[in-house]
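Results of the structural survey
Residue strings, one per chain:
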Amino acid sequence: MKSNFRKLALATATATALSFSFANTVFAQPTTLAANDTVQKAEEAVSDTWITSKVKSSLIANKDISGTNIKVETNQGVVALSGTVKTDAERDLAVQTAQGIKGVKDVAADGLKSVE
């Protein structure tokens, strides 16, 4: 009787252990995918924030650009410039400056107008 009980206990313990390992495999995957997606979104947000800050500081640091009059927004590496500058040459320089920042994929400057 003890032998049968031990066999049954061993079989039960083995089945339970296997079910836990399968459950971890099945349930861990969606959690891992969700975590990876969250990390990727956070990295994009940090990158976009970093790009925006770097573009804005570069525009302000350039004495040939009215950087304080230019609004900078970044979404997935695409920089949007808006506001006003004195000349078309200054507008082109602002676009060129933004394009030179690491991580910038494209620059949209439709909202950046010159007053000349």
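Residues numbered from 1 in each chain as written. Predicted model: local features only at pLDDT ≥ 70, side-chain atom pairs only at ≥ 80, totals over all residues. Heavy atoms only, no water.

**Examining the nonpolar core**
The line we're drawing: What makes a nonpolar core is a set of buried Ala, Val, Leu, Ile, Met, Phe, Trp, Tyr and Cys residues whose side-chain atoms join them at distances within 4.5 Å. Exposure categories follow from relative accessible area, calculated using a 1.4 Å probe and restricted to protein chains: below 20% of the type maximum is buried, above 50% is exposed, and the middle band is partly exposed. Numbering of helices and strands runs from the N terminus; a helix is a DSSP stretch of H or I covering at least four residues, while a strand is a stretch of E covering at least two.
In terms of nonpolar packing, the biggest core is built from 17 residues, with Val55, Leu59, Ile70, Val79 and Leu81 touching the most fellow members. Going through the elements one at a time, helix H1 (2-61), strand E1 (70-75), strand E2 (78-85), helix H2 (88-99) and strand E3 (106-114) are the ones with two or more residues in this core.

**What about the pattern of salt bridges?**
Quick reminder of the rule: Think of a salt bridge as a Lys or Arg side-chain nitrogen and an Asp or Glu carboxyl oxygen that are within 4 Å of each other.
Under the counting rule described, the total for this entry stands at two salt bridges. Residue Lys63 is joined to Asp64 by a salt bridge in which the shortest nitrogen-to-oxygen separation is 3.8 Å. The exposure class of Lys63 is exposed, given its relative accessible area of 76%. Measuring nitrogen to oxygen at the nearest pair gives 3.1 Å for the salt bridge that ties Lys71 to Glu73.

**Observations concerning the pairing of E3**
As a reminder, the rule being used: One bridge is not enough; two strands pair if DSSP finds at least two bridges between them. With strands facing away from the observer, any crossover in which the path from the first strand over the helix to the second runs clockwise is taken as right-handed.
For E2 and E3, the ladder comprises seven bridges, and the chain directions are parallel. Within E3, the position partnered with Thr84 by the bridge is Lys113. Of the crossover connections in this fold, the one passing from E2 over H2 to the parallel E3 is right-handed.

**Regarding the sheet that holds E1**
What counts here: Helix axes are fitted to C-alpha atoms over the stretch in contact, other axes to C-alpha atoms as well, and angles between N-to-C directions run from 0 to 180 degrees. For this analysis, residues touch if any pair of their heavy atoms sits within 4.5 Å.
The strand order E1-E2-E3 describes an open sheet built from three strands, whose pairing is mixed. Looking along the sheet, the strands with just one partner apiece sit at the ends: E1 and E3. Between one strand axis and the next, the sheet turns by 10° as a mean value, whatever way the strands run. With six bridges joining them, E1 and E2 adopt antiparallel strand pairing. If you follow Glu73 over to E2, its bridge partner there is Ala80. Of the strands in this sheet, E1, E2 and E3 touch H2, which is tilted by about 160° from E3.

Note that every value here comes from positions in space, so none of it alone points to a role or purpose.
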